[in-house]
Structure formats: C-alpha cells, structure tokens
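Reading the structure
Next come the chains, spelled out residue by residue.
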There are 2 protein chains.
Amino acid sequence: MIETPYLLFLGEAPDQLAAKVAQGIKDWRPEFAVGQFRMDGCKADMKLTDMTLDEALEAGAKTLVIGVANRGGMISHEWRHVLAEALLKGFDLASGLHNLLSDEPELVEIAKAEGREMHDVRVPEVDYPIANGKKRTGKRCLAVGTDCSVGKMYTALAMDAEMQKRGMKSTFRATGQTGILITGDGIPLDAVIADFMAGAVEWLTPDNDEDHWDLIEGQGSLFHASYSGVTMALVHGGQPDALILCHEPTREHMRGLPDYALPSLEELRDLALTLASRVNPDVKAVGISVNTQHLSEDEANSYLADLEAEFCLPAVDPFRHGAGKLVDALAAFD
Amino acid sequence: MIETPYLLFLGEAPDQLAAKVAQGIKDWRPEFAVGQFRMDGCKADMKLTDMTLDEALEAGAKTLVIGVANRGGMISHEWRHVLAEALLKGFDLASGLHNLLSDEPELVEIAKAEGREMHDVRVPEVDYPIANGKKRTGKRCLAVGTDCSVGKMYTALAMDAEMQKRGMKSTFRATGQTGILITGDGIPLDAVIADFMAGAVEWLTPDNDEDHWDLIEGQGSLFHASYSGVTMALVHGGQPDALILCHEPTREHMRGLPDYALPSLEELRDLALTLASRVNPDVKAVGISVNTQHLSEDEANSYLADLEAEFCLPAVDPFRHGAGKLVDALAAFD
C-alpha cells in the first residue's frame, strides 16, 4: 500500500502522453495529487501547482510518484539526484518503470538509512496464496475485453467514480501498474508467478458487504494468445457476478498479433460467461463498454444503439457518455 | 538442460512412493539411470545397482538427481554432506525440492569453486519471450484434463515411448518438475511469471519437421479455479493440433476444491476445442485417456467401451492397456 497523497514527478516529459500515469492520478484521484514536480524541458502539465520537494512536504505529500515514462529505460543521473533528495527529505517513492528503484544501489541505501519505502509496482510485494475457489460475500464486476487495451481500466474507474457519486458502496481493484499507482493499492497480476495468479485475485477481492461492488480491472483478453492465461486467472479468481464486455470496433487485428482478428462481442460474451460460471453460476453480462475514439459522434451513437438492440444490454462509451448506464445495471442487479 | 546420465539419490526414503521422481526416471528413461544411492534406513528400491559416488562416476554418471521428497522441507545435515561430496567429486546436482539448492550457501560455494551446475528445476533458468501466436511447423499434441493429477504426464510419456518404439518422430515436452527431471529438459510452467507463460510454451515447442510430434505435458485443468490460467497458457502457447482428453472417473470433487464437481469429458472437449481453435483452427480431439486405477478390469473395459461409443474416439487407460490406440490416432492424423 502506497502512502498518499502524492507529489507527481513529471521529469522532463516530452509531451502530455508520456505522463499518462500522472494524468490518470489527476483524473481519477485528484485528492491524491497535491502538486507536480517538473524538470527543465518538461512539456507535460497536469494543471497542478508546481512545487519543490519542501513545498510538497509542507502540503502533506507522503510519496513521490514517478508519473512519467522514461526514455531509454535508464534512471538518469538527473532523476537519481531528485529521487535521492526526496528520500532524504522524507518522501517514499513509487514507480512503475521497467527498470526498478530497487536496482539502484544508491537509492536503496538511502531508503534503508532513512527508513523510507520504495514501491516498484511492477513487482509483487505480497506472497499470494493458491486460490481456493470458495464463494465470497459481496458483489464483483469484472471488465473483459475482445482485446488488450480496449478501455477496461477506464471503464472500471469510471463506474467506480459514478458509484461513489451516487453513494453506492464500491471499490476499484487495480490489477496493473497504472491502476496501482492511481489508487495506491492492488496487484501487478502480469508479474505474479503462474501458480498464484488466481489466488492473488482472490486476495485482492475478499469478503465484503452484500451490497458492496468490487470493480475489478481487467487484463489482457481471453482471446489474446500472449496473455489469455492472465485473463483466465482474473475470471476464475475474480468470481464475478457481473461482466462488462469491452471493445474497440475499429481495430484491425489483436494488439501485437497481426495474424489474429478480434473476436466478436458475442464470442466474448459466450466464452466469458461459460468460464465465469464455473466459479459463479449466477454470473451475467450486464453491459457493453465501447472505446469509440475513432468514430464520429453519429457513428458512435448508431453503433451503440445497434449493440443495445442486438444484445439487450446497455452499451456506452464511458469516456463520451459517462458510465451511468453501466452503473444503472449494477444498481438493478439481483 | 541437465547433463545425463544420472545417479539417483534416494536418501532415506521411507517408502517407494516417496521416491516417485526416481521411479519416473527409472520407468521412462532407464538409459539415464546408471545406479542408485541409498542412505541408511532407505526403504525405496529402484532395482538399480547401489553405487558409491565414485562407482557412479566411473559408470559415467554426470548428475546426482534428488529422486526423493524430503520430510519437513529442510535439506538435512546428512543430505548436505552427500551433496557437497558429490559436487567436489565432479557431479552436477538436480533437484525439484521446494527448498532450493541455491539457498544452501555451502553448496553454492562449492559448486562455484568447482565449476559445477546446480539445477533447481522449480525455478525457471531461461528468460522466456512474450508469446507471438505465430503458426509453427510440425505437429503438437496436448493432454488436457477434467482435473489436476488425472494422468496427463503419464499419458504423454506413454505415447512418446510408443512412438519411439514405432520409429515415429516425437519429443515429450516437460512442463513440470517431475517431467523435467525425467527428461533433463523442459519448463517449470507453474513457476513462470504470468506474462511469459504462453511464450515459455512456444519456446518449448518450436518449429519442427512436419511429421514430428511434440507431446506436451499438460498442467492443471481449464476447470480448476486455482490453476486454470496455467492451463490456458498451455492451450494457447502450445498451439495443439491434437488434444487427448484425460479423466479419472471416480474422483468426487476437483483436487483441493471440495466445493467443485468435475466437469464431464464432453464439457472438457468442447471448451478445450473452442479455446485451442483460436490459435489452431484445425485442432481436433483425437483420444481419451482414463486413469482406471480405482476400477476393476471389467469396470474399466466397460467404461472405456461406453466412452468410445459416445465420443467416437479411442479411449484407453495407458497404464493398463498401453498407449497404442492413442498413437494410432496420431499416426492417422491428417
């Protein structure tokens, strides 16, 4: 668990997109972001107050979060200098970079001497159990996709935000590095040892109030030859009551697999329900979430209306239209 | 890759069952077993020549393989003494124990000084790639089960042995620790990082002659809530042409999951074909392998005859009847 609130470290981000972790925190957990720290040449701006380390400490920040992807995969001399100073001043550090903070001897030494935590969120910090498949209390909603990167995390975060607004009981459960940095907690599922994947998901989504919903971040796709095993563990470990089917209608092939066409939403629905019913016979598909960024407003509306007619399920692009209809489906769930 | 042949270390095995790794090597790769090393009180006997370390070296042994499970999960003082001496005399070591050889500082030091290898086969020794899903040449047969521990490894080993006898081109591809120790090679799939599972299976079963069959050892079950993700990675990474459906008909619930009934062989066939067809549209179920150890000979024969009629597939217990019928199915495959 990462201590909040954060100072968002943007380094010398060449553009806004390079700082998408910081953007995610700003969008979904603005209360966690007390300010931003930018270095010379930084072109990203979260519209937060620029702060020195001291100013951020005074504003209550506990953790410096690396909110930017670095170029070349190395932690540069300049970065290391800032990170070391942050540790010395009393910050914890959190990072989702491929190259780990724990592989930086200087930072490790300072963190140890100062009693500070360094979180490499790509690396599991917990010894997860083997899954036991036992029925848990509370409700769980899992986003599954026809492909990777079709908006599963966005959908779950948007639903959680809408549910909070309505005063419903919900928790977004992060299963990837960006989600973990946004919320300060979760499991880096793709980095878990194979035998413990489903157990990690059970651990993440424990017993809860009967009217509480876990909104579980999806990973990969049951149809993706590289990552389907991770998705399978989410479906069986997550024990979902409700599935949201996620799709990007203009994609020409599976991400990273030029020889593979996307499955249809119908195939996704049927396979995901078949698999999920193994651990929860009452599971239902309750909604469809479509990333329509490459469609015009008219095209998007017409596409979604067609889906609603075909599947008898609410179909929305939560980015364009909000997640209200999907939350309505959970509110009406029985 | 573990250097062969082996001296089989049986320690003070309390009974034959405790030495099942050694038994597997003796049964399936007798040419790898030059002798056995037993300590005081050992009750297991592989019917191999009892040898000292020196005698085994003289007989050509390259690796001392720990062929026995140890009690209490510790490498005892007595074991450590033998293992250290083996390293000093020029043996490599190989072990599938939970507690690792590489966690024994004394052994690590000797191995390093002597230039010897220590193989903990529970730990991946390779950085596996991400799966790419590309069609590979050669043929692949995967054993899938209604549950864990229903005879998938045995089935694949028995088919491989029969194919070798017939002069067919085949390779048993180990995906678990016992299989790796038996054959000296393979991937410890349940210990691989989630993102790389399917890639590890692709790596294990590369391009090959068009008339060559990889017989891939199955793991877990698509219906097992704890391990289904591992099985999914095998199905997608293995890109099977042929599936063998494995079953144990008297089991009352899924192994380790008292609340879960076993699926039917029909459910297994349908789900495994649906999933495998994603990576190989021509995949077929070609045979059924049943562990009939808890049935009488008559019961077994009648059960298998019923399955053959119902599924129009050969159904055998390879332990009782050999794997001939299953191999016939591969020989007739087109």
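Residues numbered from 1 in each chain as written. Chains lettered and ligands numbered in written order. Predicted model: local features only at pLDDT ≥ 70, side-chain atom pairs only at ≥ 80, totals over all residues. Heavy atoms only, no water.

Observations concerning the overall build of chain A
Note the cut-off: Each helix corresponds to a stretch of at least 4 residues labelled H or I by DSSP, and each strand to a stretch of at least 2 residues labelled E; elements are numbered beginning at the N terminus. The reference for a compact globule is 2.2 Å times residues^0.38; the radius of gyration itself is calculated from the C-alpha atoms. Per-residue accessibility, obtained with a 1.4 Å probe over protein chains only, is compared with the maximum for each type, and a residue is labelled buried under 20%, exposed over 50%, and partly exposed between these values. Residue contacts follow a heavy-atom distance rule, with two residues in contact if any of their heavy atoms lie within 4.5 Å.
Counting its regular elements, chain A contains twelve helices and eleven strands. A globule of 334 residues ought to have a C-alpha radius of gyration of about 20 Å, and chain A, at 20 Å, matches this closely. Seen along its three principal axes, the alpha-carbon backbone of chain A occupies a region of about 55 × 45 × 45 Å. For chain A, the residues scored as buried account for 58% of the 334 residues in total. Long-range pairs, those at least 24 residues apart, make up 75% of the contacts in chain A with a sequence separation of at least 6.

Things to note about the pairing of strand β3 (residues 63-66) of chain B
All names here are of chain B. For clarity, the cut-off: For two strands to pair, DSSP has to find at least two bridges joining them.
Of the two faces of β3, the one lined by Thr63 and Val65 and the one lined by Leu64 and Ile66 are each fully buried. Pairing of β3 with strand β4 (residues 92-95) involves three bridges; the strand directions are parallel. Following the sheet pairing, threonine 63 is matched in β4 by aspartate 92.

What to know about the interface of chain A and chain B
Note the following rule: Once two parts are brought into contact, the accessible area they lose, counted with a 1.4 Å probe and summed over both, makes up the buried area. The salt bridge definition used is simple: a Lys or Arg side-chain nitrogen within 4 Å of an Asp or Glu carboxyl oxygen.
Each partner contributes to the interface: chain A provides 37 residues, whereas chain B provides 37 residues. Interface of chain A and chain B: buried area, both sides summed, is about 2,800 Å²; carbon and sulfur atoms make up 57% of it. Area buried by chain A at its contact with chain B is led by Asp195(A), Tyr260(A) and Arg278(A), which between them contribute 22% of it. The tally of links from chain A across to chain B stands at zero salt bridges.

Quick notes on the sheet that holds strand β1 (residues 6-11) of chain B
The strands that make up a sheet are held in pairs by hydrogen bonds between backbone atoms, and each pair lies either parallel or antiparallel. All names here are of chain B. Heads up, the rule is: For every element, the axis is a line fit to its C-alpha atoms; helices are fit only across the contacting stretch, and the angle between N-to-C directions ranges from 0 to 180 degrees.
Reading across the sheet, the five strands line up as β2-β1-β3-β4-β5 and stay open at both edges, with parallel pairing between neighbours. Lying at the two open borders of the sheet, with one neighbouring strand each, are β2 (33-38) and β5 (118-120). Averaged over all adjacent pairs, the angle separating strand axes in this sheet is 20 degrees, with direction ignored.

What to know about a negative patch on the surface
All names here are of chain A. Stated precisely, the cut-off is as follows: Patches draw on residues past 30% relative accessible area with no salt bridge. Two like charges within 9 Å are joined, as are two nonpolar side chains (Val, Leu, Ile, Met, Phe, Trp, Tyr) within 5 Å. Each accessible area is a Shrake-Rupley result for a 1.4 Å probe, and residues are judged covered by the shown protein chains and nothing else. The charge count treats Lys and Arg as positive and Asp and Glu as negative. His and the chain ends do not count. A charge is said to be at NZ when it belongs to Lys, at CZ for Arg, at CG for Asp and at CD for Glu.
On the surface, a cluster of negative charge is contributed by Glu266, Glu267, Asp306 and Glu310. At the level of elements, α9 (265-276) and α10 (297-311) are the ones that each hand at least two residues to the negative patch. Structurally, glutamate 310 can be placed in helix α10. Residue class for glutamate 310 comes out exposed when judged on its relative accessible area of 52%.

Description of the UniProt feature "domain: D-glutamate N-acetyltransferase-like C-terminal" (unreviewed entry) in chain A
Put simply, the rule reads: UniProt positions are given in the numbering used here, feature names are shortened, and annotations may be inferred rather than shown by experiment.
Cross-referencing UniProt, the feature "domain: D-glutamate N-acetyltransferase-like C-terminal" (unreviewed entry) maps to residues 130-327 of chain A in the present numbering. Here residues 130-327 of chain A runs as 38% helix and 16% strand, with 32 Å between its end C-alpha atoms.

Here we look at helix α5 (residues 152-165) of chain B
To keep things clear, this is the line we draw: Multiply 1.5 Å by the residue count of a helix minus one, and that product is the helix's expected span.
With 14 residues, α5(B) ought to run about 20 Å at 1.5 Å a step, and its terminal C-alpha atoms sit 20 Å apart, in line with that. Burial in α5(B) covers these residues: Lys152(B), Thr155(B), Ala156(B), Leu157(B), Ala158(B), Met159(B), Asp160(B), Glu162(B) and Met163(B).

Some thoughts on the packing of aromatic side chains
To keep it simple, the criterion reads: For Phe, Tyr and Trp, where Trp contributes only its six-membered ring, two rings pair if their centres lie within 6.5 Å, and the inter-plane angle classes them as stacked under 30 degrees, edge-to-face over 60, or tilted in between. Look at NZ for Lys and CZ for Arg. If either is within 6 Å of the ring centre and within 35 degrees of the ring normal, a charge sits over the ring.
This model, assessed by the stated rule, comprises 14 aromatic pairs over all chains. Seen in terms of ring centroids, Tyr6(B) and Phe32(B) are 5.7 Å apart; in terms of plane orientation they differ by 65 degrees. Their pairing is edge-to-face. One end of the pair, Tyr6(B), is in strand β1; the other, Phe32(B), is in the loop between α1 (20-28) and β2, with 26 residues separating them in the sequence. Taking the relative accessible area as the measure of exposure, Tyr6(B) reaches 0% and is therefore buried. Residue Phe32(B) is classed as buried on the basis of its relative accessible area of 15%. One aromatic cluster is present, built from ring pairs that chain together Phe9(A), Phe37(A) and Trp79(A). The cationic tip of Lys284(A) hangs over the ring face of Phe333(A); the distance from NZ or CZ to the ring centre is 4.7 Å.

Some details on the domain arrangement of chain A
Residues and elements named next belong to chain A. Here is the rule: Where a domain begins and ends is set by an automatic assignment or by a domain database. Polar contacts, as counted here, are pairs of nitrogen or oxygen atoms within 3.5 Å of one another; within protein the pair requires one atom able to donate a hydrogen and one able to accept it, and residues that are adjacent in sequence qualify only if both atoms are side-chain atoms.
Here chain A is partitioned into domain 1 (6-120) and domain 2 (139-332). Domain 1 and domain 2 are separated by 29 Å when their C-alpha centres are compared. Tallying the contact residues gives twelve residues for domain 1 and 13 residues for domain 2. Counting each side, the surface lost to burial between domain 1 and domain 2 is near 950 Å², with a carbon and sulfur contribution of 68%. Sorting the residues of domain 1 by area buried against domain 2 places Val21, Trp28 and Arg29 first, and these three jointly supply 58% of that buried surface. Across the contact surface, domain 1 and domain 2 share three residue pairs in polar contact (both at pLDDT 80 or more).

Thoughts on the relation of the copies chain A and chain B
Note the cut-off: In superposing the copies, a least-squares fit is computed on C-alpha atoms, taking residues whose pLDDT is at least 70 in both.
Each copy superposes on the other: chain A lies on chain B with an RMSD of 0.0 Å after a rotation of 180 degrees and an axial shift of 0.0 Å. Look at the turn and shift together and you get a two-fold axis relating the two. The residues that chain A uses at the interface reappear at the interface of chain B in 100% of cases, marking a shared surface.

So, helix α12 (residues 324-331) of chain B
Listing the buried residues of α12(B) in full gives Gly324(B), Leu326(B), Val327(B), Ala329(B) and Leu330(B). Residues of α12(B) that are buried make contact with β6 (139-145), α5, β8 (212-216), β9 (242-247), β10 (284-290) and β11 (315-316) of chain B.

A closer look at unusual backbone geometry
Residue Pro5(A) is bonded to the preceding Thr4(A) through a cis peptide linkage, with omega at 0 degrees. With phi around 50 degrees, Gln239(B) is a residue other than glycine that occupies positive phi space. You can see Gln239(B) is positioned in the loop between α8 (228-238) and β9. Look at Cys312(B): it is not a glycine, yet its phi comes out positive at around 55 degrees. Turning to its location among the elements, Cys312(B) is positioned in the loop between α10 (297-311) and β11.

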